[in-house]
Amino acid sequence: MSASDLDDFDAIIIGSGAGGSTLAYGLRDSGARVLVIERGDFLPQEAENWSVEAVFEHKRYKPAEKWQDARTGGWFQPGVHYFVGGNTKVFGAAFPRFRREDFEALQHYEGVSPAWPISYDDLEPYYAQAERLYRVHGSVGQDPTEPARSSPYPYPPVPHEPYVETLAASLAALGVHPFDLPMGIDLRTGGACIRCKTCDGFPCRVQAKSDAEVCALRPALQTGQVHLLTRAFARRLLTDTTGTRVLAVEIDHRGAVVNIQAPTIIISCGAVNSAALLLRSATEKHPAGLANSSGLVGRNYMVHNNTAMTAVHPVRRNDTMFQKTFAINDFYLGSDDWPHPMGNIQLLGKLQAGMLSASGRMVPRPLLQWIASRSVDFWIMSEDLPNPDNRVTVDGKGRIKVHWRPNNTAAHIRLVRNARRLLRNAGYPFIATQRMGIETNSHQCGTLRFGHDPTTSVLDPYCRAHDLENLFVVDGSFFPSSTATNPALTITAQALRVTDHLRRTGVVG
Ligand SMILES: Cc1cc2nc3c(=O)[nH]c(=O)nc-3n(C[C@H](O)[C@H](O)[C@H](O)COP(=O)(O)OP(=O)(O)OC[C@H]3O[C@@H](n4cnc5c(N)ncnc54)[C@H](O)[C@@H]3O)c2cc1C
């Protein structure tokens, strides 16, 4: 499609990641003509998809763009991927639901994680739909924190490989409850997944990962009702004279600036870029940025407190190919000796030597290979709390600045300590950890929080901007709290809920 065919749309979706593509899928049979605008192109299927050097050392799929760290003034390369499908093109495909308690006000060690304007039960039917759409494999009854479900998982869990099975049994003997991590990979009968080592953090060369392009956008495009314009960067939103309706999206398409109009506009650029788009859209009527009468656009930026943990057993080789198959939530809401939430411990995709050398350049390669062949690798993830001073701003040139100071870190330190103790007791004498910094923003959320009150939130509970009658946002920016769980399933479930609302109320379709 070219910029000359850009009229007569009922809705424009900006951004084709988890939120945007899922919403496009939900509207595919609504009768509406929908245009998806994406700044990136299709991610090519090529040998480099599975090359550790290309992906981790040369960062082939990351943009050259740099964001500024407001604390140091330095520039960093953010963890974003500007392609059709967004960050899901490289994600780890873990698709857990949030816990019931995550939707309620929850006392943490350093403060209260606020209640959401919707409950777990409001989202439950959409979780079930999202699990079907994204082919989620999982099992019920193992996770002590799991919320009630209206239906079983659509597919059985991804089986553990022998090394992981043994480790899960050792950890269970120590009193915790490793559970099958809900995963979106195509292990259906005849499915394309080969359970390789290059899933988490890599694009899938055989398109067997349940990313937003494969599972949602492609079927939507096939209907002929949904159209896609790639390499189209949304620069600003233009409003009418009253300042209460978005009239058009100003895009930069292959060097030309074009305005595109539709009665309904949905933003889904990721939590940082959606806030940046609204801030760049400031006018006389909206001097602090669009949808910003609350002053909260860009604020309450959250990313989780994250630590990568590598446990090495000197004589036990780990030949696992697909390692990301269990997680532990025993400390999620607290423990006997610490009554505050700590978070989630989750297996990572299998670490390979080149991934280590991307961060440990001084260590000789043979040593890295030795470590990688004997390690088992985890992601330790804790909730960070919304703080209005943690925020995204844009400078005069539209460049992104991130103001970020981690909080609730005592809980994270406790969780890391608990994970370390468990792995020591399971027989691993060497354990290395790496705390993630500002550039690890894969779970970015919170910059346009939803809520009932227009003075304390940017979006209403159906993700419509309080200030604008025809503007919706369906990426991770609507989260009022980050929880300590992977965000993609909740983003897609809410996108389906918003779709339902748009269709039911006749806004679109
Ligand atoms: C390495 C990695 C591993 C991860 N693993 C997991 C996991 O296992 N489970 C999980 O739940 N989550 C995981 N995540 C996070 C998950 O991918 C994100 O939470 C999810 O993709 C966010 O969805 P979104 O719709 O908010 O944004 P995105 O999916 O990032 O989509 C945003 C889209 O908007 C486009 N865009 C941005 N700005 C503009 C603009 N101005 N104009 C036009 N287009 C624009 C982008 O190119 C992109 O396509 C991972 C992320 C990474 C990076």
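Our structure is the block above this text.
An account of the accompanying structure is given in this report. Just so it is clear, the model here is predicted, and its values are computed rather than measured.

### Considering the sheet that holds strand β20 (residues 400-403)
Consideration 1: Read across the sheet, four strands follow the order β4-β3-β20-β19 without closing on themselves; strand pairing throughout is mixed. Taken across any chain shown, the strands that pair with only one partner, and hence form the sheet edges, are β4 (75-76) and β19 (391-394).
Consideration 2: Two elements, strand β3 (residues 67-69) and β20, share two bridges in a ladder whose sense is parallel. Following the sheet pairing, Gln 68 is matched in β20 by Lys 401.
Consideration 3: Contacting β3, β19 and β20, helix α6 (residues 271-280) crosses the sheet at an angle of about 45° to β19.

### Considering the site of the ligand
Consideration 1: Taken together, 35 residues surround the ligand, and among them Glu 38, Gly 92, Ala 94, Ala 234 and Ala 488 come closest.
Consideration 2: At 3.3 Å, a backbone N or O of Asn 87 approaches an oxygen atom of the ligand.
Consideration 3: One nitrogen or oxygen atom from the main chain of Gly 92 is found 2.8 Å from a nitrogen atom belonging to the ligand.
Consideration 4: When the free accessible area of the ligand is taken as 990 Å², the share hidden by the protein chains comes to 93%.
Consideration 5: Those elements giving two or more residues to the shell around the ligand turn out to be α1 (18-27), β11 (232-239), α6 and α10 (488-504).
Consideration 6: Among the elements that take part in the shell around the ligand, β11 stands out by supplying three residues, more than any other.
Consideration 7: Taken together, the residues that form the shell around the ligand break down as 15 nonpolar, 16 polar and four charged.

### Here's the deal with the environment of Tyr 332
Consideration 1: Following the sequence through the fold, Tyr 332 ends up in the loop between β16 (326-328) and β17 (344-347).
Consideration 2: As a C-alpha pair, Tyr 332 and Leu 415 span 83 residues in sequence and 8.9 Å in three-dimensional space.
Consideration 3: Not counting the four nearest positions on each side in its chain, Tyr 332 is found in contact with Arg 99, Asp 102, Thr 145, Pro 341, Met 342, Gly 343, Asn 344, Thr 483, Ala 484 and Thr 485.
Consideration 4: One polar contact links the side chain of Tyr 332 to the main-chain amide nitrogen of Ala 484, over a distance of 2.9 Å.

### Some remarks on the side chain of Gln 346
Consideration 1: You can see Gln 346 is positioned in strand β17.
Consideration 2: Residue classification places Gln 346 among the buried positions, given a relative accessible area of 1%.
Consideration 3: Of the polar contacts made by the side chain of Gln 346, one reaches the side chain of Lys 324; its length is 3.2 Å.
Consideration 4: Within the structure, Gln 346 has its side chain in polar contact with the side chain of Asn 486 (distance 2.9 Å).
Consideration 5: Those residues in contact with Gln 346 that lie beyond four places of it in its chain are Ala 94, Leu 181, Lys 324, Phe 326, Ala 327, Asp 377, Phe 378, Trp 379, Met 381 and Asn 486.

### Side note on the packing of helix α3 (residues 120-133) against α10
Consideration 1: At a minimum axis separation of 8 Å, α3 and α10 run at an interaxial angle of 110°. By the criterion of interaxial angle, the relationship of α3 to α10 is roughly perpendicular. Between α3 and α10, the residues in contact are Asp 122, Leu 123, Tyr 126, Tyr 127, Gln 129, Ala 130 and Glu 131 and Leu 489, Thr 490, Thr 492, Ala 493, Gln 494, Leu 496, Arg 497 and Asp 500, respectively.
Consideration 2: A class-by-class count of the residues in the contact of α3 with α10 yields seven nonpolar, four polar and four charged.

### Remarks on the sheet that holds strand β15 (residues 305-312)
Consideration 1: With antiparallel pairing, the six strands of this open sheet are ordered in space as β8-β16-β17-β18-β15-β21. Looking at which strands have only one partner, the edges of the open sheet turn out to be β8 (179-180) and β21 (430-435).
Consideration 2: Relative to the sheet, helix α4 (residues 162-173) contacts β16, β17 and β18 (375-382), its axis offset from that of β16 by approximately 20°.

### What about the side chain of His 501?
Consideration 1: Within the secondary structure layout, His 501 lies in helix α10.
Consideration 2: Here His 501 falls in the buried class, since its relative accessible area comes to 16%.
Consideration 3: Aside from chain neighbours lying at most four places away, what touches His 501 is Tyr 462 and Phe 472.

### A word on a nonpolar patch on the surface
Consideration 1: A surface patch of nonpolar side chains, about 230 Å² in accessible area, is lined by Val 363, Leu 367 and Trp 370.
Consideration 2: Mapped onto the fold, Val 363 is located in the loop between α7 (353-359) and α8 (365-373).
Consideration 3: According to the relative accessible area criterion, Val 363 is partly exposed, its value standing at 31%.

### Structural notes on the packing of α1 against α10
Consideration 1: Orientation of α1 relative to α10, taken along the N-to-C sense of each, is 35°, at an axis distance of 8 Å. The two elements α1 and α10 meet at a crossing, and its hand is right-handed. Within the contact between the two elements, α1 uses Ala 18, Gly 19, Thr 22, Leu 23, Gly 26 and Leu 27 and α10 uses Ile 491, Thr 492, Ala 495, Leu 496, Val 498, Thr 499, Leu 502 and Arg 503.

### Digging into unusual backbone geometry
Consideration 1: One non-glycine residue, Arg 195, adopts positive backbone phi at about 50°.
Consideration 2: Tracing the chain through its elements places Arg 195 in the loop between β9 (183-184) and α5 (212-222).
Consideration 3: In this model, Arg 254 sits at a positive phi of 50°, which is unusual for a non-glycine residue.
Consideration 4: Accessibility expressed as a relative area gives 54% for Arg 254, which makes it exposed.

### Considerations on the packing of aromatic side chains
Consideration 1: Evaluation of the coordinates by the stated rule reveals 18 aromatic pairs.
Consideration 2: Ring geometry for Tyr 120 and Tyr 127: centres 5.9 Å apart, planes at 35°, overall tilted. No difference in accessibility class separates Tyr 120 from Tyr 127, as the two residues are buried.
Consideration 3: Through a chain of ring-to-ring contacts, the aromatic side chains of Phe 98, Phe 103, Trp 116, Tyr 120, Tyr 127, Phe 450, Phe 478 and Phe 479 assemble into a single cluster.

### Considerations on a negative patch on the surface
Consideration 1: Together, Asp 5, Asp 7, Asp 8 and Asp 10 make up a region of like negative charge exposed at the surface.
Consideration 2: With respect to the helices and strands, Asp 8 occurs in the segment before β1 (11-14).

Here is what the cut-offs are and how they apply
- Residues numbered from 1 in each chain as written.
- Predicted model: local features only at pLDDT ≥ 70, side-chain atom pairs only at ≥ 80, totals over all residues.
- Heavy atoms only, no water.
- Pairing = 2+ DSSP bridges.
- Helix = DSSP H or I, 4+ residues; strand = E, 2+ residues; numbered from the N terminus.
- Contact = heavy atoms within 4.5 Å.
- Axes fitted to C-alpha atoms, helices over the stretch in contact; angles between N-to-C directions.
- Near = heavy atom within 4 Å.
- Polar contact = N/O pair within 3.5 Å; in protein donor to acceptor, adjacent residues only side chain to side chain.
- Areas by Shrake-Rupley, 256 points an atom, 1.4 Å probe, with all protein chains shown as cover.
- Nonpolar A, V, L, I, M, F, W, Y, C, P; charged D, E, K, R; others polar.
- Buried < 20%, exposed > 50% of the residue type's maximum accessible area, 1.4 Å probe, protein only.
- Parallel < 35°, antiparallel > 145°, perpendicular 65-115°, else oblique.
- Patch = residues over 30% accessible without salt bridge, like charges linked within 9 Å, V, L, I, M, F, W, Y side chains within 5 Å.
- Salt bridge = Lys/Arg side-chain N within 4 Å of Asp/Glu carboxyl O.
- Left-handed = near helix turned anticlockwise from the far one by under 90°.
- Phe/Tyr/Trp six-rings, centres within 6.5 Å; stacked < 30°, edge-to-face > 60°.
- Lys, Arg positive; Asp, Glu negative; His and termini not counted.
- Charge placed at Lys NZ, Arg CZ, Asp CG, Glu CD.

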